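A look at the structure
Each chain, letter by letter, is given below.
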Amino acid sequence: MTWLKDVFHVNKPIIAMCHFKAFPGDPGYDPQKGMEGIIESARVDLRALEDGGVDAIMFSNEASLPYLTKVEPITTACMARAIAELRSDIRVPFGVNVLWDPSASIDLAVATGALFVREIFSGVYASDYGLWNTNCGEIIRHQHRVHGQHVKLLFNIV
């Protein structure tokens with residue numbers, strides 16, 4: 001048995017994305033709808049994805065544009081609140097991705113009970129926001145410092 005079967009209960013899981021709307025601190029944040037609007041929008045998406053039969057859900061701050069390689073604490077805090085409020089609706093294994101901050105992704109997984117994260121942990125990239133140099137050793141050490149060894153790491157590979 002592989003870890004995929006252990007975590008997702010199938011050999012080839014379909015992992016669906018539940019994208020949060022822009023959070024406080026993001027340029028696209030809608031203060032009129034507030035956090036309640038973000039959570040309710042995600043709840044509708046979560047139910048549709050689960051009813052559609054996916055094997056897992058990954059929550060992401062897709063609307064936090066432009067992305068940062070080290071997010072502001074408000075983003076991770078808001079994501080933790082949103083996931084906590086959605087927790088009773090989550091029926092499948094879930095993971096998180098705090099774009100594009102691997103330490104914040106692991107922190108959020110530990111805080112919310114997420115079983116996996118997806119992130120860019122290795123490589124050097126010339127991206128739309130400049131040169132991006134990752135440090136996998138630093139991230140793995142961080143994972144161990146915050147007692148997140150159980151969190152599976154899904155690497156983006158180019």
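Attention here is on the structure that accompanies the text. (Residues numbered from 1 in each chain as written. Predicted model: local features only at pLDDT ≥ 70, side-chain atom pairs only at ≥ 80, totals over all residues. Heavy atoms only, no water.)

Looking at helix α5 (residues 136–145)
By the burial criterion, the buried members of α5 are I139, H142 and Q143. Considered in projection along α5, the buried side chains sweep an arc of 105 degrees and stay on one side of the axis. The outward face of α5, more than 90 degrees from its buried face, is lined by the exposed residues R141 and R145. Turning to α5, the residues buried within the fold contact α4 (102–112) and β7 (152–155). The N-cap residue of α5 is N135: its side-chain oxygen and the backbone nitrogen of G137 are 3.3 Å apart. (Buried < 20%, exposed > 50% of the residue type's maximum accessible area, 1.4 Å probe, protein only. Helix = DSSP H or I, 4+ residues; strand = E, 2+ residues; numbered from the N terminus. Arc of directions from axis to C-beta. Contact = heavy atoms within 4.5 Å. Polar contact = N/O pair within 3.5 Å; in protein donor to acceptor, adjacent residues only side chain to side chain.)

Let's talk about the pattern of salt bridges
Across all of its chains, the model carries 7 salt bridges by this definition. Notably, a salt bridge pairs R43 with E40, separated by 3.2 Å at the nearest N-O pair. One end of the pair is R43 and the other is E40, both in helix α2 (residues 34–51) and 3 residues apart, which spans about a single turn. R43 sits in the buried class, given a relative accessible area of 12%. We note a salt bridge from D51 to R91, for which the minimum N-O separation is 3.0 Å. Remark: R91 occurs in the loop between α3 (73–86) and β3 (94–97) and D51 occurs in helix α2; sequence separation between them is 40 residues. One exposure class covers both D51 and R91, and it is exposed. One connected set of salt bridges, linked through shared partners, spans E40, R43, R47 and D89. (Salt bridge = Lys/Arg side-chain N within 4 Å of Asp/Glu carboxyl O.)

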